[in-house]
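Results of the structural survey
Listed below are the residues making up each chain.
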Amino acid sequence: MGGSMRIIFGFMAFSILLTACSRTVTEKDESDSYSLVAARWTNAPWLPEVKAAFTAYDARNVEDAFQGLDSAWKNGCRDVLVGYRYAFVLDRRGESERAKMLYLQVSRSLTNEYPDHPYAREVWHNLGHIEYRAGRFEESLSLYRTADRYAQGTNKEIAFSVGMALRRLKRFSEAIAWFEKADQKDFRTNFYLADVYYEMKKLDLAMQAMQRAVDADPGSSKALGSLGHYWYALSEQREEESDFSGAQDAIRSSLKLYERAISAGGTNYLEYRKAAKARISDLERLKAVAKTNGLTRVPLGQE
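Cut-offs and rules
Residues numbered from 1 in each chain as written. Predicted model: local features only at pLDDT ≥ 70, side-chain atom pairs only at ≥ 80, totals over all residues. Heavy atoms only, no water. Helix = DSSP H or I, 4+ residues; strand = E, 2+ residues; numbered from the N terminus. Buried < 20%, exposed > 50% of the residue type's maximum accessible area, 1.4 Å probe, protein only. Contact = heavy atoms within 4.5 Å. Areas by Shrake-Rupley, 256 points an atom, 1.4 Å probe, with all protein chains shown as cover. Core = buried A, V, L, I, M, F, W, Y, C linked by side-chain atoms within 4.5 Å. Polar contact = N/O pair within 3.5 Å; in protein donor to acceptor, adjacent residues only side chain to side chain. Salt bridge = Lys/Arg side-chain N within 4 Å of Asp/Glu carboxyl O.

This next bit is on the overall build of the protein chain. Per the secondary structure count, the protein chain includes 16 helices and 0 strands. The buried share of the protein chain, taken over its 303 residues, is 49%. Pairs at least 24 residues apart make up 61% of the contacts formed inside the protein chain by residues separated by at least 6 positions. Of the accessible surface of the protein chain, which amounts to about 14500 Å², a share of 51% is contributed by carbon and sulfur atoms.

Printed below as a string of structure tokens:
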């Protein structure tokens, strides 16, 4: 089972991917966006449509926001804040290529026309998300770095995104440095930091990071199950070191975590619980054989 742990974790990590890459700006500055647009385009005929669309957007009503923004854009609106929100809604509707083209269209003008607005950096961040979801990690990394420059290196969410791109490029040491700039109390930061440490074969640090993820979200079956896998791997490591007591303690910890993961709704951990229970019995037998023969390790072929 030990050889499959890294593959198993990879599948679980992927399942959090869309959540990890869909976070966007939520600053209070967003609420002033319509006022900024209205101040610039006082008598524009499309302003009522934009106002209704922005209200729907703020309520996370994607379809109503789309209807209003699409209509305003077709009626001649070319305000870049409106364009940003239109692109955002298009992306949420699965029209990523249209969103990408519109983000690129408004990107430079955002900086010139609304230099202090958070969208001036988020446009690059969101472009990075589109590339990331398409598996173009070098491109996403470049765009995330551009967003970071606009944020002057102060935005923890962007730092997380840079770390994610570097992780997918297997540039693990660099990924760690960026995850350390992200929110250290955030579930996602610690979950993926654990993944990076595990890939680097730093099991102790992986376990510490995943424990922090569990502490951040005790109801996450994925974090509980992943930590269970790590304890399983530690049990195998202790066995290889002829530390049967340590191996038994580790596999019992693994079993408890699998039980918690199942209770949290992770029915995919039922087989892992079964394997952990079988391993407890195997270790008891191996330990007894070793003790009978006066050995600390059972010779190959005598299990």
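Having seen the structure, we can now continue with the description.
What follows covers the environment of Y119. One can find Y119 in helix 8 (residues 119-133). The sequence separation of Y119 and Y84 amounts to 35 residues, and the corresponding C-alpha distance is 7.4 Å.

This part is about the nonpolar core. With 92 residues, the main nonpolar core has Y103, L110 and Y230 as its most contacted residues. If we ignore the near neighbours within four places in the chain, the residues touching L110 are V80, L81, Y84, P115, Y119, A120 and V123.

As a further point, take the side chain of R188. Mapping R188 onto the fold places it in helix 12 (residues 187-199). The class for R188 is buried, based on a relative accessible area of 5%. There is a polar contact of 3.1 Å between the side chain of R188 and the side chain of E157.

All told, the structure shown has 22 salt bridges when counted by the stated rule. Among the ionic pairs, R121 bridges to E122, the shortest N-O distance being 3.4 Å. Judged on exposure class, the residue R121 and its partner E122 are both buried. The salt bridge partner of R167 is D195, with a shortest N-O separation of 2.6 Å. Taken together, the residues R167 in helix 10 (residues 156-168) and D195 in helix 12 connect sequence positions 28 residues apart. Of the two residues examined, R167 and D195, each falls in the buried class. What you see here is one network of salt bridges that share partners, running through E63, R93, E95 and R98.

Function-wise, these values are silent; they only describe arrangement.
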